Each structure stands twice: as structure tokens, then as C-alpha cells.
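Fold and geometry: a report
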Amino acid sequence: MPVKQLLIFDSGVGGLSIFQEVIKRVTNINCYYLSDNAYFPYGELDENALISRLTELLQRFVEKHPVDMIVIACNSASTVALTALRAFFSIPIVGVVPAIKPANLMTTNGIIGLVATPATINREYTQKLVNEFARDKSVLKLGSTQLVKIAEQKLQGKVVDLDAIKAVFQPWLSLNNKPDTLVLGCTHFPLLKTEISECFNDQIQLVDSGEAIANRVVALLGGAKSEGKIQQKADYDAFYTLTDEKQLLLESTFLKLNFKSFSLFEA
Ligand code: DGL
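In this report, the structure presented in the accompanying data block is examined. (Residues numbered from 1 in each chain as written. Predicted model: local features only at pLDDT ≥ 70, side-chain atom pairs only at ≥ 80, totals over all residues. Heavy atoms only, no water.)

**A closer look at the overall build of the chain**
What counts here: Numbering of helices and strands starts at the N terminus; helices are DSSP runs of H or I of at least 4 residues and strands are runs of E of at least 2. The globule rule used here is 2.2 Å times the number of residues to the 0.38 power, and the radius of gyration it is set against is calculated over C-alpha atoms. Only protein chains enter the calculation, and the probe is 1.4 Å; a residue is then buried if its accessible area is under 20% of its type maximum, exposed if over 50%, and partly exposed in between. Residue burial considers only the protein chains on display, and all accessible areas are found by Shrake-Rupley using a 1.4 Å probe. None of His or the chain ends enter the tally, which takes Lys and Arg as positive and Asp and Glu as negative. For this purpose, a charge sits on NZ of Lys, CZ of Arg, CG of Asp or CD of Glu.
If you tally the helices and strands in the chain, you get 12 helices and 10 strands. Computed over its C-alpha atoms, the radius of gyration of the chain comes to 18 Å, within 12% of the 18 Å expected for a compact globule of 267 residues. Of all 267 residues assigned to the chain, the portion counted as buried reaches 56%. When the accessible surface of the chain is summed, it comes to about 12100 Å², and 49% of that surface belongs to carbon and sulfur atoms. Side chains of the chain carry 26 positive and 28 negative charges; the gap between the two charge centres is 4 Å.

Put into C-alpha cells, the structure is as follows:
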């Protein structure tokens, strides 16, 4: 099977939670990872500004680095721009949206917590998902940029402040009837799974979209890993849009994940 080239895209390191799920399942797929840290955090951008930025940046990127598929590994971007991006590009585009549907099947007390960026929480698309897939449940919503920043700091090698994470979840931690299932509706949040679970004394089920997205990529591009098959050595290259101190601290994380380059994409 010919080697396919995938682009995984996010505002920052959140897409790495998707990247890790994808590489568990595929062979014969090389990966570009692009983080638009110049416009981070996406969860606080105006919708039209975000759509224009995504279209322009992705167009410039694929002109220079052709790909077979784009994964928008960002809920804040996917929930507003998927339709526009699919109309603009002829390349297949996979997006990530909050995992409300599986959470609806997992909850036993009927209370689901949705934690995402402020943008994703307020999107019409997100409300439609709730109406369609969890109409009979109570869905509590929490928007946090703080949690996105903590995930970035963790991957920059900084110590994670558990109290800061607890403070984010305080509105739910103080409830008598807490959610038993938490939808991690931002790709940054699976990077803090252990810490988030600890805030709830490990008495909570966490659900994200990583596995579903990875399965979708395999279904569309092929290259599923199968036992006994010799895996090729894949090429992973990471790009970012702004050189600053925080970004440079991430280099070792990318190298540990087997990226062979980590460089500026001038956009
Ligand atoms: N990782 C992103 C998401 O899934 C966005 C975080 C941000 O830039 O605000 O929403």
C-alpha cells in the first residue's frame, strides 16, 4: 500500500492527543503536525476570524506540503469551520467534536459534564449535539481556557498545579449530585486525564473523541496495523507558526514522540 501523508492540526499541543491515538492504529502513514500557536488560544477567537485564519493557513500549508487528508484535531475549530473547510478544500477533512453520543450511553446517574473551551461550549453545533444525543440527560457545561493553558504547560515540562485544576472544576466538585461521566470536549484535555480524574477521586468516567477519530482516519486512508505485519518507519514532522520561549520548550516533547523535525512554518 502506498504511504499516505496526513496533516494533524490544532492551535497548540492538543492535537497530540489525537496523534497518539492515530499512530497506535496505523502503518504506512506519515504525519505532519501543525500548531497555530500564533493564534492560540482558539477558544477565545471570534468565529469569522477563526474561519478565515484556518482557510488561509491550511491552504498555504498544503500548497507547500501536499497531504492526503487533514485532521482538524481541535473542537473549537471543528465546531465552527468544518462545513466551510470541506467546501473549500478537495482533500478529505476529518474533524473532532465533543463525544456527547458515547457519554449518553456511559452515564448511569444521568448527569454528564461537558468541559471544553468557552467557544465550544457556546457553539450552536454543540447544543445540537446535546439536543440530538443526550436529550434525556442532564448536561452540565463548563468552559475553560485555563485548563488549555495548563495542558500546554505540562508538555512544556512545567509542574502541573492540581489545585488550579480543582479550582476549574469547583462548580461541579461542590455539587451533591456530581456528573459521573465527563466529556473532554477539547483535545488538550486528554493530556490531563490523570490529573482531572484525581480531582474527582477517580470516581468519574472520562470520554474523549481520540479513538473515534483515529478509527475514522484508518477507515478513510487505509493502513490499519495488523499483527505480524512489518511496520514501516514513519516520518513525523512538526511545525508551529510563532517562535517564542514557550514553543521552544515543547521541542523535547515532540522529539520524544518520534518527530524528526520541529520548525517554524512562516504563515
Ligand atoms: N485544542 C483545542 C480544542 O480542541 C483548542 C484550544 C484553544 O486553543 O483554545 O478546542
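Past the structure itself, the notes keep going.
**Regarding the site of the ligand**
Cut-off, in case you're wondering: Distances are taken per atom, and a residue is near a molecule or strand as soon as one of its heavy atoms is within 4 Å of it. N or O atoms closer than or at 3.5 Å make up a polar contact, with two conditions inside protein: a donor-capable atom paired with an acceptor-capable one, and, for residues adjacent in sequence, both atoms drawn from side chains.
Around the ligand lies a shell of 14 residues, among which Ser11, Tyr42, Gly43, Ser76 and His188 are the nearest. One of the side-chain nitrogen or oxygen atoms of Asp10 is found 3.1 Å away from a nitrogen atom of the ligand. Gly43 places a main-chain nitrogen or oxygen 2.8 Å from an oxygen atom of the ligand.

**Some remarks on helix α8 (residues 162-173)**
Note the threshold: An expected span of 1.5 Å times one less than the residue number is assigned to each helix. The contact definition used throughout considers only heavy atoms, calling two residues in contact when any of these lie within 4.5 Å.
Here α8 contains 12 residues, and its C-alpha end-to-end distance of 14 Å is more than 12% below the 16 Å for a straight helix at 1.5 Å per residue. Those residues of α8 not exposed but buried are Leu162, Ala164, Ile165, Val168, Phe169, Trp172 and Leu173. Elements in contact with the buried residues of α8: β5 (111-116), β6 (138-143), α7 (146-155), β7 (181-184) and α9 (193-199). Its side-chain oxygen 3.1 Å from the backbone nitrogen of Asp163, Asp161 forms the N-cap of α8.

**Quick look at unusual backbone geometry**
Residue Pro41 follows Phe40 across a cis peptide bond; omega there is -5 degrees. As for its position among the elements, Pro41 is in the loop between β2 (29-35) and α2 (47-64). Its identity as a non-glycine residue notwithstanding, Asn28 has a phi of 60 degrees, on the positive side. Its place among the elements puts Asn28 in the loop between α1 (15-25) and β2. We classify Asn28 as buried; its relative accessible area is 15%. The backbone of Asn258 sits at a positive phi, close to 75 degrees, despite the residue not being glycine. Of note, Asn258 is situated in the loop between α12 (251-256) and β10 (261-264).

**Observations concerning the sheet that holds strand β8 (residues 205-207)**
Stated precisely, the cut-off is as follows: When DSSP finds two or more bridges between a pair of strands, those strands are recorded as paired. The axes are straight lines fitted to the C-alpha atoms, using for helices just the contacting stretch, and the angles between their N-to-C directions are given from 0 to 180°.
The 4 strands lie next to each other as β6-β5-β7-β8, forming an open sheet whose pairing is parallel. What marks the edges here is a single partner per strand, and that holds for β6 and β8. Here the strands of the sheet are splayed against their neighbours by 25 degrees on average, with no regard to which way each runs. Relative to β6, β5 runs parallel, the two sharing 6 bridges. By the bridge assignment, Val115 is partnered in β6 with Leu142. Relative to β6, α8 is tilted by about 155 degrees, and along the sheet it contacts β5, β6 and β7.

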